[in-house]
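Below, each chain spelled out in residue letters.
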Amino acid sequence: MRKIKRNDEVIVITGRDKGKRGEVLAVRADGRVLVAGINVAKKHQRGDPNAGTPGGIVDKEMPIQVSNVAIYNDETGKADRVGFRDEDGKKVRYFKSTKKPIDA
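In this report, the structure presented in the accompanying data block is examined. None of the values given here were measured: they were computed from a predicted structure. (Residues numbered from 1 in each chain as written. Predicted model: local features only at pLDDT ≥ 70, side-chain atom pairs only at ≥ 80, totals over all residues. Heavy atoms only, no water.)

1. Some words on the overall build of the chain
Helix and strand content of the chain: zero helices and 10 strands. Reading the chain from its N end, one meets helices and strands in the order β-β-β-β-β-β-β-β-β-β. Taking 104 residues into account, the globule formula puts the C-alpha radius of gyration at 13 Å, and the chain, at 17 Å, lies well above it. For the chain, the C-alpha atoms occupy an extent of roughly 55 × 30 × 25 Å along the three principal directions. A burial count over the chain gives 25% of its 104 residues as buried. Of the contacts made within the chain by residues no fewer than 6 positions apart, 38% connect residues no fewer than 24 positions apart. Accessible area for the chain stands at about 7100 Å²; split by element, carbon and sulfur atoms hold 48% of it. (Helix = DSSP H or I, 4+ residues; strand = E, 2+ residues; numbered from the N terminus. Rg over C-alpha atoms; globule rule 2.2 N^0.38 Å. Buried < 20%, exposed > 50% of the residue type's maximum accessible area, 1.4 Å probe, protein only. Contact = heavy atoms within 4.5 Å. Areas by Shrake-Rupley, 256 points an atom, 1.4 Å probe, with all protein chains shown as cover.)

Right, dumping it as structure tokens:
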């Protein structure tokens, strides 16, 4: 089980986008995550008349290291650490600061 999963709300703790929040779109096997609105790069895309796609400069989210993001706790309004515990025979993620489960 991973500490950060898809659809989690995370906050960037280091780098150019420090302090920004976004939802995790994908978790990659190489230890990076794709977060909505974070680490946006300009991509120069060529148009394809057969497919009907226009060319131009498009914004594209690029992956960011999972160590540079932390899960966001709505209750405290800050970044939080994730722990694991056993509840009724199931492995459950919880916020370390409030001890409340994340997947509730």
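2. Topic: the nonpolar core
The tendency in soluble globular proteins is for nonpolar side chains to be buried as a group. Grouped together as the largest cluster of nonpolar side chains are nine residues: Ile-4, Val-10, Val-12, Val-24, Val-33, Val-35, Ile-38, Ile-64 and Val-69. Elements with a contribution of two residues or more to this core: strand E1 (9-12) and strand E3 (32-35). When residues no more than four places from it in sequence are discounted, the contact partners of Val-69 are Ile-4, Val-10, Ile-11, Val-12, Ile-13, Val-33 and Ile-64. (Core = buried A, V, L, I, M, F, W, Y, C linked by side-chain atoms within 4.5 Å.)

3. Details of unusual backbone geometry
Backbone geometry places Asn-7, a non-glycine residue, at a positive phi of 75°. Within the secondary structure, Asn-7 sits in the segment before E1. When its relative accessible area of 49% is taken as the criterion, Asn-7 is described as partly exposed. For Lys-99, which is not glycine, the phi torsion reads 60° and is therefore positive. The topology assignment puts Lys-99 in the segment after strand E10 (90-95). Since its relative accessible area comes to 49%, Lys-99 is described here as partly exposed.

4. So, the pattern of salt bridges
Following the criterion strictly, the structure yields eight salt bridges and no others. Here Lys-20 makes a salt bridge to Asp-17, at a shortest N to O gap of 3.3 Å. One continuous salt-bridge network, built from bridges that share partners, spans Arg-28, Asp-30 and Arg-32. (Salt bridge = Lys/Arg side-chain N within 4 Å of Asp/Glu carboxyl O.)

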